[in-house]
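Observations on the model geometry
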Amino acid sequence: MATGETGFDDVSFDLISVQYHSLKAGHDYGQYVRDADNAGRSDIADFFRKVMKEDSERAEQCHKFLKELSGSSESGPAVT
């Protein structure tokens, strides 16, 4: 959702939101992998593993950005 739609201009909040959703999705994907494996669909299980890895990397990048912004004037009200 764009800042104009929420009225909340805070890059740290945005990063925290993306990080949360990436981590939450990664947790859910574990079940999807098991479901695909149980159905004998290793190709689909591999797809879910790839998606899980991408979300994990996304969450890690958010964490790095949040560390960089912490305490800076760019961080916005969520962390200042």
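First, a word on what this report is: a plain description of the structure on this page. (Residues numbered from 1 in each chain as written. Predicted model: local features only at pLDDT ≥ 70, side-chain atom pairs only at ≥ 80, totals over all residues. Heavy atoms only, no water.)

Points about the packing of aromatic side chains
- Applying the stated rule across the entire model yields three aromatic pairs.
- For the ring pair Tyr 32 and Phe 48, a centre distance of 5.5 Å and an interplane angle of 55° mean the geometry is tilted. Note that Tyr 32 is positioned in helix H2 (residues 11-38) and Phe 48 in helix H3 (residues 42-69), a separation of 16 residues in sequence.
- Tyr 32 sits in the partly exposed class, given a relative accessible area of 35%.
- In this structure an aromatic cluster arises from ring pairing among Tyr 29, Tyr 32, Phe 47 and Phe 48. (Phe/Tyr/Trp six-rings, centres within 6.5 Å; stacked < 30°, edge-to-face > 60°. Helix = DSSP H or I, 4+ residues; strand = E, 2+ residues; numbered from the N terminus. Buried < 20%, exposed > 50% of the residue type's maximum accessible area, 1.4 Å probe, protein only.)

Overview of the side chain of Ser 22
- Structurally, Ser 22 can be placed in helix H2.
- Among residues more than four places away in sequence, those in contact with Ser 22 are Asp 55, Arg 58 and Ala 59. (Contact = heavy atoms within 4.5 Å.)

Description of the packing of H2 against H3
- At their nearest, the axes of H2 and H3 sit 8 Å apart, and the two run at 160° to each other. Taken as axis vectors, H2 and H3 run roughly antiparallel relative to one another. Crossing handedness for the pair H2 and H3: left-handed.
- For the contact of H2 with H3, a count of residues per class yields 20 nonpolar, seven polar and four charged. (Axes fitted to C-alpha atoms, helices over the stretch in contact; angles between N-to-C directions. Parallel < 35°, antiparallel > 145°, perpendicular 65-115°, else oblique. Left-handed = near helix turned anticlockwise from the far one by under 90°. Nonpolar A, V, L, I, M, F, W, Y, C, P; charged D, E, K, R; others polar.)

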